[in-house]
Amino acid sequence: MSDKIVHVSDATFEAEVLKSELPVVLDFWAPWCGPCKMIAPILDQLAEEMGGKVKIAKMNVDDNQATPAQFGIRGIPTMIVFKDGKNVATKVGALAKPQLEAFINESIA
């Protein structure tokens, strides 16, 4: 797992995501989720490649209940892009790297 990925909890969500100077892609996931495991290495790669442009963060929905509930997370993986503390885009489900990269680039442009 990339050391460029930030693990966020309900307690650190505001500081790490809402107050981030960079746009943040927050991946809501769980250890038992197959599609979440499929996109994990892609997120690792994007965290390396897009470092400085965007922050990639992950939140385990099993360990953190408040934030997923606040954003109405029903299925995982769900990725939400936050820019200037606002939810600007949401994508549910696993994507291939080109689609995920395009989604992030469109969201932070």
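Scroll up to find the structure.
In this report, the structure presented in the accompanying data block is examined. What you see is a predicted model; the values in this text were computed from it and never measured.

A few points about the pattern of salt bridges
Inference 1: Overall, the coordinates contain four salt bridges when judged by the stated rule.
Inference 2: Ionic pairing is found between Glu16 and Lys55, a salt bridge with its closest N-O pair at 2.9 Å. Of this pair, Glu16 sits in helix 1 (residues 13–18) while Lys55 sits in strand 3 (residues 55–60), placing them 39 residues apart in sequence.
Inference 3: Salt-bridge contacts for Lys97 lead to Glu49; the nearest nitrogen and oxygen are separated by 2.8 Å. Of this pair, Lys97 sits in helix 4 (residues 97–108) while Glu49 is found in helix 2 (residues 34–49), placing the two residues 48 residues apart along the sequence.
Inference 4: Judged by its relative accessible area of 49%, Glu49 falls in the partly exposed class.

Section: the packing of aromatic side chains
Inference 1: For the structure on display, the rule yields three aromatic pairs.
Inference 2: Ring geometry for Phe71 and Phe82: centres 5.2 Å apart, planes at 80°, overall edge-to-face. Separated by eleven residues along the polypeptide, Phe71 in the loop between helix 3 (66–70) and strand 4 (78–83) and Phe82 in strand 4 bring together distant segments of the chain.
Inference 3: Among the residues examined, Phe71 registers a relative accessible area of 24% and is labelled partly exposed.
Inference 4: Pairwise contacts between aromatic rings join Phe13, Phe71 and Phe82 into one cluster.

What about the pairing of strand 5 (residues 86–92)?
Inference 1: Of the strand pairs in this sheet, strand 4 and strand 5 are connected by six bridges, and their pairing is antiparallel. Bridge pairing links Phe82 to Asn87 in strand 5.
Inference 2: Hairpin connection of strand 4 to strand 5: two residues between the antiparallel strands, including Asp84 at a positive phi of 55°.

Brief notes about unusual backbone geometry
Inference 1: Looking along the chain, the bond that leaves Ile76 and enters Pro77 is cis, with omega of 0°.
Inference 2: Locating Pro77 in the fold gives a position in the loop between helix 3 and strand 4.
Inference 3: Despite not being glycine, Asp84 shows a phi value in the positive range, around 55°.
Inference 4: Secondary-structure assignment places Asp84 in the loop between strand 4 and strand 5.

Overview of the nonpolar core
Inference 1: Ile56, Leu100 and Ile104 are the most contacted members of the largest nonpolar core, which has 18 residues in total.
Inference 2: Only helix 2, strand 4 and helix 4 provide two or more residues apiece to this core.
Inference 3: Ranked by the residues each element gives to this core, the list is headed by helix 2, at five residues.
Inference 4: If you look at the next biggest cluster of nonpolar residues, it comprises 17 residues, including Val8, Cys33, Cys36 and Met59.

About the thresholds
- Residues numbered from 1 in each chain as written.
- Predicted model: local features only at pLDDT ≥ 70, side-chain atom pairs only at ≥ 80, totals over all residues.
- Heavy atoms only, no water.
- Salt bridge = Lys/Arg side-chain N within 4 Å of Asp/Glu carboxyl O.
- Helix = DSSP H or I, 4+ residues; strand = E, 2+ residues; numbered from the N terminus.
- Buried < 20%, exposed > 50% of the residue type's maximum accessible area, 1.4 Å probe, protein only.
- Phe/Tyr/Trp six-rings, centres within 6.5 Å; stacked < 30°, edge-to-face > 60°.
- Pairing = 2+ DSSP bridges.
- Core = buried A, V, L, I, M, F, W, Y, C linked by side-chain atoms within 4.5 Å.

So far we have only geometry, and geometry alone does not tell us how the molecule works.
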